[in-house]
Amino acid sequence: MSSPPVAPPEDITRLLAQWSDGDAESLDRVLVLVYSELQRMAAAAMRGERRDHTLEPTALVHEAFMRLAKLREIRWDDRAHFFGTAARVMRRILVDHARRHRAAKRGSGAKEQLDDALMLTNDQAGEIERLDDALKDLERLDPRQSRVVELRYFGGFSVSETAEALDVSPITVKRDWAVARAWLQDYMHPSDD
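Residues numbered from 1 in each chain as written. Predicted model: local features only at pLDDT ≥ 70, side-chain atom pairs only at ≥ 80, totals over all residues. Heavy atoms only, no water.

Engineer: Requested: an account of helix α7 (residues 159-166), with residues and values cited.
Structural biologist: An α-helical turn contains 3.6 residues, so a residue and the one three or four places further along point in the same direction. Among the residues of α7, those classed as buried are Val159, Glu161, Thr162 and Ala163. Buried positions along α7 lie against α2 (24-46), α6 (143-154) and α8 (170-188). Where α7 ends, the next residue or the one after it, aspartate 167, has phi of about 55°, a positive value. (Buried < 20%, exposed > 50% of the residue type's maximum accessible area, 1.4 Å probe, protein only. Helix = DSSP H or I, 4+ residues; strand = E, 2+ residues; numbered from the N terminus. Contact = heavy atoms within 4.5 Å.)

In structure tokens, the structure reads:
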């Protein structure tokens, strides 16, 4: 299910360029235009999180935007570049949060799903860390497949949104998604054979 763009892509791209050029007011206008999309991404990134998770989607959006606002040296190519970076930032926040939670309290026994093909079990915080490690390994092997997983899972992007963000065809995204899921399944749950 894909949501319509929040604002014309050209408006967001123009404001991002102005922000990169030092126009601080553009940052506020960008936030207004992208807030609902960031909310959708945060909800997607947090699906399957434990019910007692202390981080809410709104807090994830605010933390992500605060981190994005500090990235003044980035020259934003377009809205897809911005949202792709936002998905990566949300992933980092969730992994950092899971590590802190794991350090504070060991073992939850909760389950989290990447999708039907990949079931994460046991200590959820530890599994999120393992998924992050797996994505780092996948990034070394195939950076695009790693980005596809990041955008689809952590960003909640549709196939077409992922294709736009990566400047590839939807069929390429579907193929990378299938291969990456299989690779992650093997990584996360190696067979005893």
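Engineer: Account for the nonpolar core, naming residues and giving values.
Structural biologist: Ranked by size, the top nonpolar core spans 44 residues in total, and within it Val34, Leu38, Met41, Leu60, Phe82 and Val149 carry the most contacts. Broken down by secondary-structure element, the contributors of at least two residues to this core are α1 (9-20), α2, α3 (57-69), α4 (79-104), α5 (124-141), α6, α7 and α8. Not counting chain neighbours up to four residues away, the residues in contact with methionine 41 comprise Phe83, Ala86, Ala87, Met90, Phe154, Gly155 and Phe157. (Core = buried A, V, L, I, M, F, W, Y, C linked by side-chain atoms within 4.5 Å.)

Engineer: Describe the pattern of salt bridges, with residues and values.
Structural biologist: Here the structure, examined in full by the defined rule, presents 16 salt bridges. The salt bridge partner of arginine 92 is aspartate 132, with a shortest N-O separation of 3.1 Å. Taken as a pair, arginine 92 in helix α4 and aspartate 132 in helix α5 lie far apart in primary sequence, 40 residues in all. On the basis of relative accessible area, aspartate 132 is assigned to the buried category, the value being 1%. (Salt bridge = Lys/Arg side-chain N within 4 Å of Asp/Glu carboxyl O.)

Engineer: Describe unusual backbone geometry, and please don't skip the residues or the numbers.
Structural biologist: For aspartate 167, which is not a glycine, the phi torsion comes out positive at approximately 55°. The topology assignment puts aspartate 167 in the loop between α7 and α8. Overall, aspartate 167 belongs to the exposed group, its relative accessible area being 72%.

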